[in-house]
Amino acid sequence: MFSLLFALFLAVSAENPVCQSRFDNEENLYKSAALHSDDISVRRSYLKKFGQCITEEGIKIIEERNVAIVEELDCENPLEGGEFFFRDKKLCSRSVTFFPSKKVFALKKKGGKVSLPGNWRYIETPETLLFYDSAAEFEENSDIFGQILTKSGEGVFTDHLGKPVHPEFIYTNGNWEKVYPLRELFYLNVAEDKTFEVKIITENQLPYEKKELFELLGLKAEKAETPFFAPSSVSLKGNGLKGIRIPKTEYISDRESDHGTYRISLFYPGLQQKAPVVSKSGNYELEIVFSTGKLEALLTVFTKKLAAEDALNIRGVINREIPSFFTD
């Protein structure tokens, strides 16, 4: 009888008048959530008062008095929660997060159902859920923090200081969209007459001295112009190209994020057409396309961090399929 009554309580608790409007009679709690949204004591006070209202597994968003309230019930991976309890002999957790005056925000993706009020919508990546109020106004090319970003023709995003950034979502053309910023590029174009152009975009440190840069690239040419440097990139032109090293892939495990795209584009006589090569998992997709005089490799990483096995597979395919050196 106890278990039946307990189950009945859980089923009807969401209909309890206390649960219908969280902040109507809780002015102090409302002010605390609005002014100190990250304070763990505020979250605990909320769970003590309204924890019984969180009865369905998954994520539920409530918006009250311009505060978005995210309630979560997790019985699959509960250890990140704020309040623990047993349900049907299984450990579960409840948690709450506040986003005062926010009309867009992101959360770590978890299993379970998503419940949204009114105009709220969401989009997802393999790791992230983006929630936004579809009736709200957002500035074009803004990220979820309100920064207005600039996108180059290659796909590099920069902030107002010109620093490269790597957003997962951008508001563009009236919608929130998933984006995969360009992280690395090696572009080589060699014409029949051996005039050439090189462009590199990288997060690795490049030498600013012409001699050191040419040594790094193994560049040998009759004439090479002074390189043009920009933040995280360099480009140069010349003629009479005799040889240049094509960079190989290295995985930097301690980098904060891998999310984005990586490209190698080669254009020169001697490249042969053959069937494309594709390698992919749920975390990435690598496609290398070959045609006469052209090779295009595009790697898209969907997750923030690649697994070691994925990184090893990617490196193996790139190092096998892409030439290590152009030589006349």
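Analysis parameters
- Residues numbered from 1 in each chain as written.
- Predicted model: local features only at pLDDT ≥ 70, side-chain atom pairs only at ≥ 80, totals over all residues.
- Heavy atoms only, no water.
- Helix = DSSP H or I, 4+ residues; strand = E, 2+ residues; numbered from the N terminus.
- Buried < 20%, exposed > 50% of the residue type's maximum accessible area, 1.4 Å probe, protein only.
- Lys, Arg positive; Asp, Glu negative; His and termini not counted.
- Salt bridge = Lys/Arg side-chain N within 4 Å of Asp/Glu carboxyl O.
- Polar contact = N/O pair within 3.5 Å; in protein donor to acceptor, adjacent residues only side chain to side chain.
- Contact = heavy atoms within 4.5 Å.
- Pairing = 2+ DSSP bridges.
- Phe/Tyr/Trp six-rings, centres within 6.5 Å; stacked < 30°, edge-to-face > 60°.
- Arc of directions from axis to C-beta.
- Axes fitted to C-alpha atoms, helices over the stretch in contact; angles between N-to-C directions.
- Parallel < 35°, antiparallel > 145°, perpendicular 65-115°, else oblique.
- Left-handed = near helix turned anticlockwise from the far one by under 90°.
- Nonpolar A, V, L, I, M, F, W, Y, C, P; charged D, E, K, R; others polar.
- Disulfide = S-S within 2.5 Å.

K.L.:
What's the story with the side chain of aspartate 310 in this structure? I'm lost.
P.N.:
Following the sequence through the fold, aspartate 310 ends up in helix α6 (residues 308-321). No salt bridge is formed by the buried aspartate 310; its nearest oppositely charged neighbour, lysine 305, is found at 12 Å. A polar contact of 2.9 Å, which involves the side chain of aspartate 310, links it to the side chain of asparagine 283. The residues touching aspartate 310, leaving out its near neighbours within four places in the chain, are Ser281, Asn283 and Tyr284.

K.L.:
Looking at this structure, I do not really get the pairing of strand β13 (residues 175-178). What am I missing?
P.N.:
Along any regular strand the residues' side chains alternate between the sheet's two faces. Taken together, the 4 bridges between strand β12 (residues 169-172) and β13 define a ladder with antiparallel strand orientation. Pairing of phenylalanine 169 across the sheet is with lysine 178, part of β13. In this structure, the hairpin formed by β12 and β13 is closed by a connection of 2 residues, where asparagine 173 is found at a positive phi of approximately 55 degrees.

K.L.:
Honestly, the packing of aromatic side chains in this entry has me stumped. Any pointers?
P.N.:
How two aromatic rings sit relative to each other is given by the distance of their centres and the angle of their planes. In total, this model carries 15 aromatic pairs according to the counting rule given. Judged by centre distance (5.3 Å) and plane angle (50 degrees), the ring pair of phenylalanine 138 and tyrosine 171 falls under tilted. Of this pair, phenylalanine 138 sits in the loop between β8 (128-133) and β9 (150-151) while tyrosine 171 sits in strand β12; the two residues are 33 residues apart in sequence, bridging distant segments of the chain. Accessibility classification places phenylalanine 138 together with tyrosine 171 in one group, the buried group. Centroid distance tyrosine 208 to phenylalanine 229: 4.7 Å. Interplanar angle 40 degrees. Geometry classified as tilted. Residue tyrosine 208 is located in the loop between β15 (196-201) and α5 (210-217), and its partner phenylalanine 229 is located in strand β17 (residues 228-230); the two are separated by 21 residues in the primary sequence. A relative accessible area of 55% means that tyrosine 208 is categorised as exposed.

K.L.:
I'm lost on the environment of valine 190 in this one. Help?
P.N.:
Mapped onto the elements of the fold, valine 190 is located in strand β14 (residues 182-190). A relative accessible area of 3% means that valine 190 is categorised as buried. Expressed as a C-alpha distance, the spacing of valine 190 and proline 269, which sit 79 residues apart in the sequence, is 7.6 Å. When sequence neighbours within four positions are dropped, the list of residues in contact with valine 190 reads Thr195, Phe196, Leu241, Phe267, Tyr268, Pro269 and Phe326.

K.L.:
Which parts of the structure should I look at to understand the side chain of serine 257?
P.N.:
Summarising the element assignment, serine 257 is placed in the loop between β18 (233-245) and β19 (260-267). Owing to a relative accessible area of 16%, serine 257 belongs among the buried residues under this scheme. Polar contacts involving the side chain of serine 257 include one to the main-chain amide nitrogen of histidine 259, which spans 3.2 Å. Those residues within four positions of serine 257 in sequence are excluded, and the remaining contacts are Arg183, Lys304 and Lys305.

K.L.:
Please explain the sheet that holds strand β10 (residues 157-158) as it appears in this structure.
P.N.:
Strands belonging to one sheet form pairs held by backbone hydrogen bonds; the direction of such a pair is parallel or antiparallel. Spatial strand order, β9-β10-β11: 3 strands in an open sheet with antiparallel pairing. Of all the strands in the sheet, just β9 and β11 (164-165) have a single pairing partner and so form its edges. When β10 meets β11, the two strands line up antiparallel, connected through 2 bridges. Counted as the bridge partner of phenylalanine 157 is valine 165 from β11.

K.L.:
I tried to follow helix α4 (residues 40-50) on my own but got confused; where do I start?
P.N.:
Turning to α4, its buried residues number three or more, namely Val42, Tyr46, Leu47 and Phe50. Down the axis of α4, the sector holding all buried residues measures 135 degrees, keeping them to one side. Projecting away from the buried face of α4 at angles above 90 degrees are the exposed residues Arg44 and Lys48.

K.L.:
Explain the packing of helix α3 (residues 27-35) against α4 to me, please; I cannot follow it from the model alone.
P.N.:
Relative placement of two packed helices is described by the angle separating their axes and the distance separating the axes. Contact pair α3 / α4: the axes reach a minimum separation of 10 Å and the direction vectors enclose 140 degrees. Of the possible angle classes, the one that applies to α3 and α4 is oblique. For the element pair α3 and α4, the recorded crossing hand is left-handed. Contacts between α3 and α4 pair Leu29, Ser32 and Ala33 from the former with Val42, Ser45, Tyr46 and Phe50 from the latter. Partitioned by chemical class, the residues of the contact of α3 with α4 number 5 nonpolar, 2 polar and no charged.

K.L.:
How should I be thinking about the state of the cysteines in this particular structure?
P.N.:
Among covalent bonds in proteins, the disulfide is the one between the sulfur atoms of two cysteines. Summed over the entire model, instances satisfying the criterion amount to 2 disulfides. Note on cysteine connectivity: cysteine 75 is disulfide-linked to cysteine 92, with sulfurs 2.0 Å apart. Taking the torsion about the sulfur-sulfur bond, which here is approximately 110 degrees, the covalent link between cysteine 75 and cysteine 92 counts as right-handed. Here cysteine 75 is found in the loop between β2 (67-74) and β3 (83-87), whereas its partner cysteine 92 is found in strand β4 (residues 90-100), with 17 residues between them in sequence. We note that cysteine 75, like cysteine 92, is buried. For the protein chain, numbering the cysteines in disulfides from first to last along the sequence yields the connectivity 1-2, 3-4.

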